[in-house]
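# A look at the structure
Listed here are the chains, written in short residue letters.
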Amino acid sequence: MPIHIEVLPDKVTLGREAAKKASSILRQILAEKTKARMLAATGASQFELLSFLTKREKIDWSRVELFHLDEYVGIDADHPASFRRYLRERLVRPVKPAVFHEIRGDMEDPAAECERLAALLDAEPIDLALVGIGENGHLAFNDPPAEFDAPCSFLVVDLDEACRRQQVGEGWFEDLDQVPTQAISISIPAILKTHHVICSVPDLRKAPAVRDCLGSDRPIDPEHPASILKQHSNTWVYLDVDSASLSDDVA
């Protein structure tokens, strides 16, 4: 079964519809189980989704266990570009989930931090992942060529120049030299194990990645990491007209 793709007129509508779908999934999970386990992405692609999601009614956030996808190695939680800080401000403080498992990128031993996170993540299935697609096609911080068969749920990855330039372009860092060269990232296999995936991809600058990763004539290829989502039938992709502008046929 192919992934589900919707093209919306603008990024605000995209965020609203993606949040509506995410809240529907969370309510369904919480009606069936005592808690929901969720992965949240960060970055500019998630602004509108998280803004709408925190305002959705009838989600019992006190029963939601929250993880995030990635964090820079060597950056503390108060750094303006920290993804822990991003989620604290945009999701954790507004809704107060039961627990937020932070990726501590400033730990002395990043490999040990990966082991700690993997043990927490692998303890029970993940119900919902909110993800985006990078300008270089990355999924989380799995830059090309991505490790589709990574043996663990979190790993230390090297960030390529295109990925690092995106972080400057989005305003998180003043110049390329300030962007870390490594991060802790959830692995591709861990994302694929998630029961439901919602992928939000607004903006014209993402159009080449959308075409290369999701075009119906494009292969699933480690050089285009997000193409692996084609193997996950419970994936909903939300595009706007700009991000879909180079794709006559996606899915």
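Look up a bit, the structure's there.
### Some points on the overall build of the chain
Within the chain one finds seven helices and ten strands. Against the 2.2 N^0.38 benchmark of 18 Å for 251 residues, the chain shows a C-alpha radius of gyration of 17 Å, consistent with a compact globule. With respect to the principal axes defined by its C-alpha atoms, the chain has extents near 45 × 45 × 35 Å. Intrachain contacts of the chain at a sequence separation of at least 6 include 80% that bridge at least 24 residues.

### Quick word on the pattern of salt bridges
Tallied over the entire structure, the rule returns 21 salt bridges. A salt bridge links Asp-203 to Arg-205; the shortest N-O distance between them is 3.7 Å. Judged by relative accessible area, Asp-203 falls into the buried class, the value being 14%. Between Arg-218 and Asp-212 there is a salt bridge, with its nearest N and O atoms 2.8 Å apart. We classify Arg-218 as partly exposed; its relative accessible area is 31%. Since its relative accessible area comes to 16%, Asp-212 is described here as buried. Overlapping salt bridges bring together Lys-11, Glu-135, Glu-170, Asp-203 and Arg-205 as one network.

### Some thoughts on the pairing of strand β9 (residues 196-201)
Look at any regular strand and the pattern is simple: side chains alternate between the two faces of the sheet. When you tally the buried positions in β9, you get six out of six residues, the bulk of the element. The two faces of β9 match: His-196, Ile-198 and Ser-200 on one face and Val-197, Cys-199 and Val-201 on the other face are all buried. Inspection of the sheet shows strand β6 (residues 128-131) paired to β9 by four bridges, in the parallel sense. Its bridge partner lying in β9, Leu-128 is registered against His-196. Direction of pairing for β9 relative to strand β10 (residues 235-240): parallel, over a ladder of five bridges. Residue pairing in the sheet places Ile-198 in a bridge with Trp-236 of β10. After leaving β9, the chain enters helix α7 (residues 207-214) and then returns to the sheet as β10, a path that is right-handed.

### So, the sheet that holds β9
Within a beta sheet, neighbouring strands are joined by backbone hydrogen bonds and run either parallel or antiparallel to one another. Judged by pairing direction, the sheet is parallel, and its seven strands sit side by side in the order β1-β10-β9-β6-β2-β3-β5 without closing on themselves. Because the sheet does not close on itself, it has two edges, and the strands there are β1 (4-8) and β5 (99-101). Here the strands of the sheet are splayed against their neighbours by 15° on average, with no regard to which way each runs. In this sheet, β5 lies alongside strand β3 (residues 64-68) in parallel orientation, the contact comprising three bridges. Along β5, the bridge assignment pairs Phe-67 with His-101. Contacting β2 (36-40), β3 and β5, helix α3 (residues 83-95) runs over the sheet at an angle of about 150° to β3. Packed onto the sheet, helix α4 (residues 110-121) meets β2, β3 and β5 and runs at close to 140° relative to β2.

### Looking at empty space enclosed by the protein
Within the structure shown, the criterion is met by one cavity of 30 Å³ or more. Taken as a whole, the largest cavity encloses approximately 220 Å³ of empty space. Lining of the largest cavity is provided by 19 residues; of these, Thr-42, Gly-43, Ser-45, His-138 and Gln-166 occupy positions nearest its centre. When grouped by side-chain class, the residues that make up the lining of the largest cavity number seven nonpolar, nine polar and three charged.

### Here's the deal with the sheet that holds strand β8 (residues 182-186)
Read from one edge to the other, the open sheet built from three strands follows the order β4-β8-β7, with strand pairing classed as antiparallel. The open sheet has two edge strands, β4 (70-72) and β7 (154-158), and neither has a second partner. Looking at each pair of strands side by side, their axes are set apart by 25° on average, direction ignored.

What counts and how
Residues numbered from 1 in each chain as written. Predicted model: local features only at pLDDT ≥ 70, side-chain atom pairs only at ≥ 80, totals over all residues. Heavy atoms only, no water. Helix = DSSP H or I, 4+ residues; strand = E, 2+ residues; numbered from the N terminus. Rg over C-alpha atoms; globule rule 2.2 N^0.38 Å. Contact = heavy atoms within 4.5 Å. Salt bridge = Lys/Arg side-chain N within 4 Å of Asp/Glu carboxyl O. Buried < 20%, exposed > 50% of the residue type's maximum accessible area, 1.4 Å probe, protein only. Pairing = 2+ DSSP bridges. Right-handed = clockwise from strand over helix to strand, strands pointing away. Axes fitted to C-alpha atoms, helices over the stretch in contact; angles between N-to-C directions. 1 Å grid on protein atoms, 1.4 Å probe; cavity = no way out; pocket = protein on both sides within 12 Å on 5 of 7 lines; lining within 4 Å. Points joined across faces, edges and corners; volume = space filled by probe spheres on them. Nonpolar A, V, L, I, M, F, W, Y, C, P; charged D, E, K, R; others polar.

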